[in-house]
Amino acid sequence: MGIDREKWQLKYTSEFEALQPLEEVDEILSYAIPRLEHTLSTGKTLFQHVTQALSIAPIGIMPLFRKEGYLFVYENINRELRIYQYKVQLFESTAPPSRRVETHLIDSRNKSYTTTFESIKMELVRKNKDLPNPASYLVESTLGYPMDETLLPIARQKVAQAVED
C-alpha cells in the first residue's frame, strides 16, 4: 500500500475481506475454549485425586519377565475383586514410544477375609498352565469409583509404569 516514512515500515492491506462464516467460527471458539479449559482442568484434578487413592503392589515373587501376568483390582469399600490377565505392548505410533496394557477379565468375586491375594494367585497358576510364573500386581482402591470407566484405565497406567521400572 505504501511506506510509512516516520517509522520506516511498509504499510500492508489485506486482499481478502473478512468472511462471515469465519467470524462465526471465531465467536464459537471464543465461547467454547474457556469452557473446555475448565472441563479439562476439572478432569485433571479428578484424575490426580483418583490416582492418589490407588496403590499398586506386587503379589508374591516377581519374575524377570513382567510384560504378561495378572492384575488384581480390589475395592476396599465393597470388597469387590476383579482379576484380569494383562499383556504389555509397546505402542510405537506416539512420539516417544509408550506402553499399552491390554486386559482381559478372568474372574470377578467378593474377597473374603480368609483368602489372601497370594492364595488366589496360586489358584490361577494351577488353573492356567500358560503362565507358570506370572507377574501379578494388586491395585487397591480406598474410594468407590466406577470400575470400568475410572479404576481400570488408571490401573493399566500404573501397571505400565511398574513394568518400565
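Residues numbered from 1 in each chain as written. Predicted model: local features only at pLDDT ≥ 70, side-chain atom pairs only at ≥ 80, totals over all residues. Heavy atoms only, no water.

## As for the overall build of the protein
- The helix and strand tally for the protein stands at 3 helices and 7 strands.
- Taken from the N to the C terminus, the helices and strands of the protein come in the order β-β-α-β-β-β-β-α-β-α.
- The globule rule puts the C-alpha radius of gyration for 165 residues at 15 Å, and the 26 Å found for the protein is more than 25% above it.
- C-alpha extents for the protein along the principal axes are approximately 85 × 35 × 30 Å.
- Out of the 165 residues belonging to the protein, those deemed buried represent 28%.
- Long-range contacts, defined as pairs at least 24 residues apart, comprise 65% of the intrachain contacts of the protein with a sequence gap of at least 6.
- Counting only carbon and sulfur atoms, one obtains 56% of the accessible surface of the protein, whose full area is about 11800 Å².
- Averaging the locations of the 20 positively and 23 negatively charged side chains of the protein gives two centres separated by 11 Å. (Helix = DSSP H or I, 4+ residues; strand = E, 2+ residues; numbered from the N terminus. Rg over C-alpha atoms; globule rule 2.2 N^0.38 Å. Buried < 20%, exposed > 50% of the residue type's maximum accessible area, 1.4 Å probe, protein only. Contact = heavy atoms within 4.5 Å. Areas by Shrake-Rupley, 256 points an atom, 1.4 Å probe, with all protein chains shown as cover. Lys, Arg positive; Asp, Glu negative; His and termini not counted. Charge placed at Lys NZ, Arg CZ, Asp CG, Glu CD.)

## A look at helix α3 (residues 147-164)
- Its 18 residues place the ends of α3 24 Å apart at the C-alpha level, agreeing with the 26 Å of an ideal helix rising 1.5 Å per residue.
- Looking at α3, one finds that the buried residues are Met-147, Thr-150, Leu-151, Leu-152, Ile-154, Ala-155, Lys-158, Val-159, Ala-160, Ala-162 and Val-163. (Expected span 1.5 Å × (residues − 1).)

## Digging into the pattern of salt bridges
- Overall, the coordinates contain 6 salt bridges when judged by the stated rule.
- Arg-82 is the salt-bridge partner of Glu-80, the closest N and O atoms lying 3.1 Å from each other. With respect to burial, Glu-80 and Arg-82 carry one shared label: buried.
- One continuous salt-bridge network, built from bridges that share partners, spans Asp-107, Arg-109, Glu-123 and Lys-127. (Salt bridge = Lys/Arg side-chain N within 4 Å of Asp/Glu carboxyl O.)

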